[in-house]
Amino acid sequence: MKILVTGGAGFIGSHTVVELINAGHEPVVIDNLSNASAESLNRVKKITGKDVTFYKADIRDGAALSDILDKEKVDACIHFAGLKAVGESVAKPWEYYDNNIAGTLTLVDALKKHGAKNIIFSSSATVYGDPAFVPITEECPKGSCTNPYGWTKSMLEQILSDIQKADPSWNVILLRYFNPIGAHKSGLIGENPNGIPNNLMPYITQVAVGKREKLTVFGNDYDTHDGTGVRDYIHVVDLAKGHVLALKKIEENAGLKIYNLGTGVGYSVLDIVKNFEEATGVKIPYVIGERRPGDIATCYASAKKAEEELGWKAEYGIKEMCEDSWRFQKNNPAGY
Ligand code: NAD
Ligand code: UD1
């Protein structure tokens, strides 16, 4: 299939473009490069041997989208484009609602006008809030989000679901990612955050490479096995493959579908530090700090539904996640 990949120059997008090409699909990337470098797509070419069609464009620009879709005649869209920094979203709510929600509305309108009523949307485990139970199944009620970023995900799930209900010729696949880390085995593409990393693994790799002095562990008084927060970390290549398999549901005209993409295994912050040190041989100095506002104790998926319906199962374990995150950071100490 010919697939429009919004945000395809970013972390998860670039890995998905590789897997789409490996599976024989034809990706067409649009990205405004607000949080990415076009170099990631040059690296994709090194990995796959294929040129990637790329448009530098903003999903809020309806005229640009229309021109691209007139030319490219895509079958479906995998929609990664969005702002994702939780703290920044609290300080800049308008920018988050405009970029993520207005952008998606403009994109959906353009897809509809071009007869490509098929979208796979990057949602997040954040929609479960403080989950009612773990492991989290897709039936777990959505919760209250603690920040505008989370609300954009929750609201967009609702908006896309309502659009599909009103017009069942749409296929809408909502993928709820748990915590993506790792990088492509080549060490050529990976996560390249701007400024001080918000998330655990990029912070750890920056400590390992000497860019940051030490990790601050956000609280050790949670109700978990060692007091630190427990999450479901998933290798980004496994996550990318989940998108390729989700295209099957579009081919089957499945309508509205929701899947968790996680491993089903929870690791604490200190488990991650220990696994990283074992996998890489690099020591990670850390101190225990205050809890981060909005954090929860425990979040991990039940990944059964994706396995049963998509035939998808995470293949990589924590050792490879740590090794691969580190390889990208070591090879690219200053990013792309
Ligand atoms: P990323 O920032 O690396 O990728 C997002 C890409 O979208 C970037 O390349 C950015 O330049 C682009 N973009 C942003 N706004 C745009 C716009 N208006 N028009 C065109 N391009 C635009 O982030 P990622 O980690 O690859 O995340 C991809 C998607 O998955 C996002 O929607 C994110 O919210 C979601 N998600 C990410 C995580 C995570 O932990 N990484 C977890 C759950 C969900
Ligand atoms: C973050 C986002 C969430 C998003 C999710 C997906 C925040 C507040 N939440 O959640 O919206 O859906 O990523 O990837 O950013 N930690 C430290 N020290 C650090 C960084 C993190 O101890 O410097 C801890 C956190 O407290 C948490 C764990 O590491 O227990 C993972 O944190 P992080 O990588 O930020 O992910 P989430 O909090 O799960």
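To keep things clear, this report deals only with the structure shown in the data block. Note that the structure is predicted; figures quoted are calculated from it, not measured.

### Observations regarding the overall build of the protein chain
Helix and strand content of the protein chain: eleven helices and 14 strands. The globule rule puts the C-alpha radius of gyration for 336 residues at 20 Å, and the 19 Å found for the protein chain is close to it. Its C-alpha atoms put the protein chain at 55 × 45 × 40 Å along the principal axes. The 336 residues of the protein chain split such that 54% are buried. Summed over all atoms, the accessible surface of the protein chain reaches about 14,000 Å², with 49% contributed by carbon and sulfur. Within the protein chain, one finds 37 positive and 42 negative side-chain charges whose respective centroids are separated by 3 Å.

### Digging into the packing of aromatic side chains
A complete count under the given rule lists three aromatic pairs for this structure. Ring centres 6.1 Å apart and planes at 75 degrees place the aromatic pair Phe276 and Trp326 in the edge-to-face group. With a gap of 50 residues between them, Phe276 in helix α9 (residues 269-280) and Trp326 in helix α11 (residues 318-331) connect regions that are remote in the sequence. Residues Phe276 and Trp326 agree in their burial class; the two are buried. Between the NZ or CZ atom of Arg291 and the centre of the ring of Tyr222, over which it lies, the distance is 4.0 Å. When the ring centre of Tyr259 is taken as origin, the NZ or CZ atom of Lys305, which lies over that ring, is 5.2 Å away.

### Here we look at the side chain of Thr104
If you trace the backbone, Thr104 turns up in helix α5 (residues 93-113). Beyond its immediate sequence surroundings of up to four residues, Thr104 is in contact with Ile59, His79, Asn99, Leu156 and Leu160.

### Structural notes on the site of ligand 2
Taken together, 20 residues sit near ligand 2, with Ser124, Thr216, Arg231, Arg292 and Asp295 positioned nearest. Between ligand 2 and Ser124, the relevant distance is 2.6 Å, taken from an oxygen atom to a side-chain nitrogen or oxygen of the residue. Here an oxygen atom of ligand 2 and a side-chain polar atom of Asn199 are 3.0 Å apart. Contact with the protein chains hides 88% of the accessible area of ligand 2, taken as 730 Å² for the molecule alone. Taken together, the elements giving at least two residues each to the shell around ligand 2 come down to β7 (179-181) and β8 (215-218). Examining the composition of the shell around ligand 2, we find that four residues originate from one element, β8, more than from any other.

### Some thoughts on unusual backbone geometry
The step from Val134 to Pro135 runs through a cis peptide bond, and the omega angle for that step is -10 degrees. If you check the backbone angles, Lys73 has positive phi at about 50 degrees while not being a glycine. Mapping Lys73 onto the fold places it in the loop between α3 (62-72) and β4 (76-79). Of note, the phi angle at Asn253 is positive, near 55 degrees, even though the residue is not glycine. With respect to the helices and strands, Asn253 occurs in the loop between α8 (236-251) and β11 (256-261).

### Notes on the nonpolar core
With 36 residues, the main nonpolar core has Ile120, Leu175 and Leu261 as its most contacted residues. At the level of secondary structure, the elements contributing two or more residues to this core comprise β1 (2-6), α1 (11-22), α2 (39-48), β4, β6 (171-177), α8, β11 and α10 (304-310). With seven residues, α8 is the largest single contributor of residues to this core. For Leu175, the contacting residues outside a window of four places in its chain are Ile120, Phe121, Ser122, Ser123, Ser124, His243, Ala246, Tyr259 and Leu261.

### Here's the deal with the sheet that holds strand β12 (residues 267-268)
Read across the sheet, three strands follow the order β12-β9-β14 without closing on themselves; strand pairing throughout is mixed. The open sheet is flanked by β12 and β14 (298-299), the only strands paired with a single partner.

### What to know about helix α6 (residues 148-166)
An α-helix turns once every 3.6 residues. As a result, residues three or four positions apart point the same way. Taking 1.5 Å of rise per residue, the 19 residues of α6 would be expected to cover 27 Å, and the 26 Å separating its terminal C-alpha atoms lies within 8% of that figure. Turning to α6, its buried residues are Pro148, Tyr149, Gly150, Thr152, Lys153, Ser154, Leu156, Glu157, Leu160, Ser161 and Gln164. Its buried side turned inward, α6 meets α4 (86-91), α5, β5 (118-124), β6 and β11. For α6, the side-chain oxygen to backbone nitrogen distance between the N-cap and Tyr149 is 3.2 Å, and the N-cap itself is Asn147.

### Observations regarding the site of ligand 1
Neighbouring ligand 1 are 26 residues, the closest being Ile12, Asp31, Asn35, Phe80 and Lys84. Interatomic distance of 2.6 Å between a side-chain N/O atom of Asp31 and an oxygen atom of ligand 1. Note that an oxygen atom of ligand 1 is positioned 3.1 Å from one of the backbone N or O atoms of Ser34. Contact with the protein chains hides 95% of the accessible area of ligand 1, taken as 820 Å² for the molecule alone.

### Looking at the pattern of salt bridges
A full pass over the atoms with the stated rule returns 22 salt bridges. Among the salt bridges present, the one from Arg60 reaches Asp98, with a minimum N-O distance of 2.8 Å. You can see Arg60 sitting in the loop between β3 (53-56) and α3 and its partner Asp98 sitting in helix α5, a full 38 residues away along the chain. A relative accessible area of 33% means that Arg60 is categorised as partly exposed. Note that Glu191 and Lys84 form a salt bridge whose closest N and O atoms lie 3.8 Å from each other. With Glu191 in the loop between β7 and α7 (200-208) and Lys84 in the loop between β4 and α4, this pair connects stretches of sequence that are 107 residues apart. Take Glu191: its relative accessible area is 18%, and that puts it in the buried class. What makes Lys84 partly exposed here is its relative accessible area of 43%.

Conventions adopted
- Residues numbered from 1 in each chain as written.
- Chains lettered and ligands numbered in written order.
- Predicted model: local features only at pLDDT ≥ 70, side-chain atom pairs only at ≥ 80, totals over all residues.
- Heavy atoms only, no water.
- Helix = DSSP H or I, 4+ residues; strand = E, 2+ residues; numbered from the N terminus.
- Rg over C-alpha atoms; globule rule 2.2 N^0.38 Å.
- Buried < 20%, exposed > 50% of the residue type's maximum accessible area, 1.4 Å probe, protein only.
- Areas by Shrake-Rupley, 256 points an atom, 1.4 Å probe, with all protein chains shown as cover.
- Lys, Arg positive; Asp, Glu negative; His and termini not counted.
- Charge placed at Lys NZ, Arg CZ, Asp CG, Glu CD.
- Phe/Tyr/Trp six-rings, centres within 6.5 Å; stacked < 30°, edge-to-face > 60°.
- Lys NZ or Arg CZ within 6 Å of the ring centre and 35° of its normal.
- Contact = heavy atoms within 4.5 Å.
- Near = heavy atom within 4 Å.
- Polar contact = N/O pair within 3.5 Å; in protein donor to acceptor, adjacent residues only side chain to side chain.
- Core = buried A, V, L, I, M, F, W, Y, C linked by side-chain atoms within 4.5 Å.
- Pairing = 2+ DSSP bridges.
- Expected span 1.5 Å × (residues − 1).
- Salt bridge = Lys/Arg side-chain N within 4 Å of Asp/Glu carboxyl O.

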